Amino acid sequence: MIIPGERGKCPHCLVVNKFESTQIDTHSRQWFGYQIDRILEDISLENSFNGEYITLIVSRCAECGKNVIFLNNEMIYPAGSSRPPCPSEVPADISQDYIEACLVEPYSKKAAAALARRCLQSMLRDKGVKPGDLSKEIDEAMQTLPSYLAESIDAIRHIGNFAAHPNKSTSTGQIVDVEIGEAEWALDVLEDLFDFYYVQPAITQRKKDAMNEKLKDLGKPPLKKPN
């Protein structure tokens, strides 16, 4: 939760900065895309609701000037994820599952974990892993990954005790209970894999292309391709 006066990552611009306090303009009758009347019909900040008090926190990003609203501990504006955007180098069919997992993660950890597993499976197949059940695909991928990534994807099959149910490994999108932090950690692993499989190779290729252009201008042969 982002509280005025504290530092945090803005879900709008993704910049880490110190947030400021802000005010709600009720005279305009429109509040950050929400109808203020509708909100106040459901929420009383002065009285208890179902025996519990409601806390509404509105903070303003000092970087982009946009507001972030929390109802108790849940972010209700903007509707979205504060995780980094999916790199443009990632294929669209893979990035879609990641984006959806990020969007549902605040509301359903189980759904986010299921989408993360499906995203992982699509990525491994895109990188040449022989299609099968997820557990076997992870075993094959681990042979070619750095140790830190191999250990990470190996642990993904244990999220929600997924590996304890062999029939579920053939149905990657199966919804299973997850422990606190497991869904978030699975998304962290996907981000590391995006960097390894797509971002860094693309950066290297751009550097090689630029160098080959310079060599061409100098009348020299291009860089040799790896075997």
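Scoring rules and cut-offs
Residues numbered from 1 in each chain as written. Predicted model: local features only at pLDDT ≥ 70, side-chain atom pairs only at ≥ 80, totals over all residues. Heavy atoms only, no water. Helix = DSSP H or I, 4+ residues; strand = E, 2+ residues; numbered from the N terminus. Buried < 20%, exposed > 50% of the residue type's maximum accessible area, 1.4 Å probe, protein only. Contact = heavy atoms within 4.5 Å. Areas by Shrake-Rupley, 256 points an atom, 1.4 Å probe, with all protein chains shown as cover. Salt bridge = Lys/Arg side-chain N within 4 Å of Asp/Glu carboxyl O. Core = buried A, V, L, I, M, F, W, Y, C linked by side-chain atoms within 4.5 Å.

The chain has the name DUF4145 domain-containing protein in an unreviewed UniProt entry, where Methanosarcina barkeri str. Wiesmoor is given as its organism.

Student: Go over the overall build of the chain with me, naming the residues and quoting the values.
Tutor: On a plain count of helices and strands, the chain comes out with 6 helices and 8 strands. Starting at the N terminus, the α and β elements of the chain follow one another as β-β-β-β-β-α-β-β-β-α-α-α-α-α. Taking all 227 residues of the chain together, the buried fraction comes to 34%. Pairs at least 24 residues apart make up 53% of the contacts formed inside the chain by residues separated by at least 6 positions. Of the roughly 13800 Å² that the chain leaves accessible, carbon and sulfur atoms contribute 50%.

Student: Explain the pattern of salt bridges to me, and be specific about the residues and the numbers.
Tutor: Within this structure, the stated rule accounts for 6 salt bridges. The partner of K109 in a salt bridge is E105, with the nearest N and O atoms 2.3 Å apart. Judged by relative accessible area, K109 falls into the partly exposed class, the value being 33%. For E105, a relative accessible area of 12% gives the class buried.

Student: Please set out the nonpolar core residue by residue, giving values where relevant.
Tutor: One recurring pattern in soluble globular proteins: nonpolar side chains tend to sit buried together. Counting residues in hydrophobic clusters, the biggest one holds 33 residues, and the most contacted among them are L120, L190, L193 and F194. Secondary-structure elements contributing two or more residues to this core are α2 (92-104), α3 (109-126), α4 (134-142), α5 (147-156) and α6 (182-217). Counting residues per element, this core draws most heavily on α6, at 9 residues. Here L120 is in contact with L134, I138, I153, I156, L190 and L193, once residues within four sequence places are set aside.

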